[in-house]
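Structural description and commentary
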Amino acid sequence: MVTALVVIAALLGVLTVAAAQLPSMWGHMIVMTLIWAGLATAWNVVGGFAGQISLGHAGFFGVGAYASTLLYVDYGISPWFGLLVAIVLGAALAWAIGIPSFRLRGPYFALSTLAFGLIVFHLSVHLRDLTYGQVGVPVPYDPSFGNMIFPDRWQYVILAGLFLVLCLAVSQAIARSRMGYRLAAVRDDEDAARALGVNTSRVKLVAAIFSGGMAAGVGTIYSQYILFLSPDSVFGIAVSIEALALAVVGGAGFVFGPLVGAAVLVPVSHIVLARFGGDAPGVHTLVYSAVLIFVVLLVPGGLWSLVERVKLRVRARNGPPVSAAEEQQVKEGELV
C-alpha cells in the first residue's frame, strides 16, 4: 500500500504540472477524473467489498455538496469546515438509510437505494427555501484558501487528488482488516457468513457509513470546483450510475479498480465530447457505452483483475502454487 501511495503521489505531481501547462480542457478533464475516481472508490466500499449494489449514491454526493455550499453561501462558513460537516452528515444519512435497507437483498436492496436517491432529488427540487430548487445555487467566486476556491486548475488537482488518496487509504484499510474479510464473506454468501458468526447487518452498516461519508466529502470538492449546484447535477440518477460503472469497469472489489475505471472512461468521454459533441450530439454517450460493454464482456472482473492475474502468475513462478479458487476469484473480480 505504501508503494502504491508513493506511485499515486508521483502521478499526482505529474498531473498537477500537466494541468498547469496544458489547455484548460485537459486540466478540467484531470480534475473531473480525480473527482469521479473518489466517488467510485466510495461506492466500491459498499458495492464492491460487500456486494450490495447501490443505486442511490448520488444522494450522499448531493447532500455533501449542498451542505457545504449552503453553509458557505448563506452563513459564510468556510467550506473546509463544511467538508467535515458533509462527511459526518453523509455518514449519518447512510446509517439511517442502511438500518432498514439492509434488511433487503439483491434487487430489492438496489431498488430501495434507488428510491432513496429519487426522494432526495425531489426534496431538493421542492424545498426551494432551503435548496433554491431548480434555480440552483451559484457559489460566489472569491479565490482564497479559506474559501476552498482557487484561481488555477492545478490547485484543484491537488485538492481532489489528496482527497482521492484519503479515500483509497481508507478503502485499503477496510479491505485488509477483519471487517474487509467479513464483507467479502457477506458478498460471497451472506447466509454462510451469518452461520459462521459474522454479524452481517453490522458489517454492512459500517461499510455504508464509510461509503456515505466519503461520497459526501467528494460532493464538497465537486461543488467548490464547479461553483454551481442544481438538483440534476448532483442528485440525478446518472451520478449514481456513473459511480457504479466506473467501479465495475475498473474492478469492483479491488481497492484500485475504481481509479483505473475513472482513468479510462472519464477521459474517453471528455475527449469524444470535445471532438464530436458539436457535430454529433450524444456520440460521446455511445462511445462511453461501447467501451463499457466491451470491458464487461471481455474482462468480467474489471481492468484491475488483469493486474491481479499477472501478480498471481509471478507468485506461482516464485512462490507457493496458486489455487484454482484464487484464479477464479480474480477473474470474477473478487476481493483479494
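Owing to the predicted nature of the structure, the values given are computational and were not obtained by experimental measurement.

On to a nonpolar patch on the surface. Where nonpolar side chains cluster on the molecular surface, the patch consists of Leu22, Met25, Trp26 and Ile271 and spans about 330 Å² of accessible area. Owing to a relative accessible area of 35%, Trp26 belongs among the partly exposed residues under this scheme.

Turning to helix α2 (residues 24–49), a few remarks are in order. The terminal C-alpha atoms of α2 lie 36 Å apart, and with 26 residues this matches the ideal 38 Å at 1.5 Å per residue to within 8%. Most of α2 sits out of view: 22 of its 26 residues are buried. Two residues or fewer after α2 comes Gly51, characterised by a positive phi angle close to 70°.

Counted under the stated rule, the structure contains six salt bridges. The residue Asp191 makes a salt bridge to Arg105 at a minimum N-O spacing of 2.9 Å. Of this pair, Asp191 sits in helix α9 (residues 190–195) while Arg105 sits in the loop between α4 (79–101) and α5 (106–126); the two residues are 86 residues apart in sequence, bridging distant segments of the chain. With a relative accessible area of 44%, Asp191 lands in the partly exposed category. Judged by its relative accessible area of 37%, Arg105 is partly exposed. Linking Arg194 and Glu190 is a salt bridge whose minimum nitrogen-to-oxygen distance equals 3.3 Å. Taken as a pair, Arg194 and Glu190 lie in helix α9 at a separation of four residues, close to a single helical turn. In this structure, a network of salt bridges that share partners links the residues Arg105, Glu190, Asp191, Arg194 and Lys204.

On to unusual backbone geometry. Even without being a glycine, Tyr132 presents a positive backbone phi close to 70°. Residue position: Tyr132 is located in the loop between α6 (128–131) and β1 (137–138). Even without being glycine, Met148 reaches a positive phi, approximately 55°. Tracing the sequence through the fold places Met148 in the loop between β1 and α7 (153–175).

On to helix α3 (residues 57–75). Counted at 1.5 Å a residue, the expected span for α3 with its 19 residues is 27 Å, and the 27 Å between its end C-alpha atoms agrees. With 16 of 19 residues buried, α3 is to be regarded as a mostly interior element. Just beyond α3, the residue with positive phi is Gly76, at close to 70°.

Grouped together as the largest cluster of nonpolar side chains are 87 residues, with contacts concentrated most on Ile35, Leu39, Leu183, Val234 and Leu246. With 14 residues, the top contributor of residues to this core is α2. Apart from the residues within four sequence positions on either side, Leu246 is in contact with Trp36, Ala40, Gly257, Pro258, Gly261, Ala262, Leu265, Val266 and Tyr288.

With respect to the helices, strands and loops of the structure, Thr69 is situated in helix α3. Residue class for Thr69 comes out buried when judged on its relative accessible area of 0%. In terms of polar contacts, Thr69 uses its side chain to reach the backbone carbonyl oxygen of Ala65, at 2.7 Å. Setting aside residues up to four positions removed in sequence, Thr69 forms contacts with Val137, Val139, Ser223, Gln224 and Leu229.

Cut-offs applied
- Residues numbered from 1 in each chain as written.
- Predicted model: local features only at pLDDT ≥ 70, side-chain atom pairs only at ≥ 80, totals over all residues.
- Heavy atoms only, no water.
- Patch = residues over 30% accessible without salt bridge, like charges linked within 9 Å, V, L, I, M, F, W, Y side chains within 5 Å.
- Areas by Shrake-Rupley, 256 points an atom, 1.4 Å probe, with all protein chains shown as cover.
- Salt bridge = Lys/Arg side-chain N within 4 Å of Asp/Glu carboxyl O.
- Buried < 20%, exposed > 50% of the residue type's maximum accessible area, 1.4 Å probe, protein only.
- Helix = DSSP H or I, 4+ residues; strand = E, 2+ residues; numbered from the N terminus.
- Expected span 1.5 Å × (residues − 1).
- Core = buried A, V, L, I, M, F, W, Y, C linked by side-chain atoms within 4.5 Å.
- Contact = heavy atoms within 4.5 Å.
- Polar contact = N/O pair within 3.5 Å; in protein donor to acceptor, adjacent residues only side chain to side chain.

In short, the description is geometric, and any link to function would need to be established separately.
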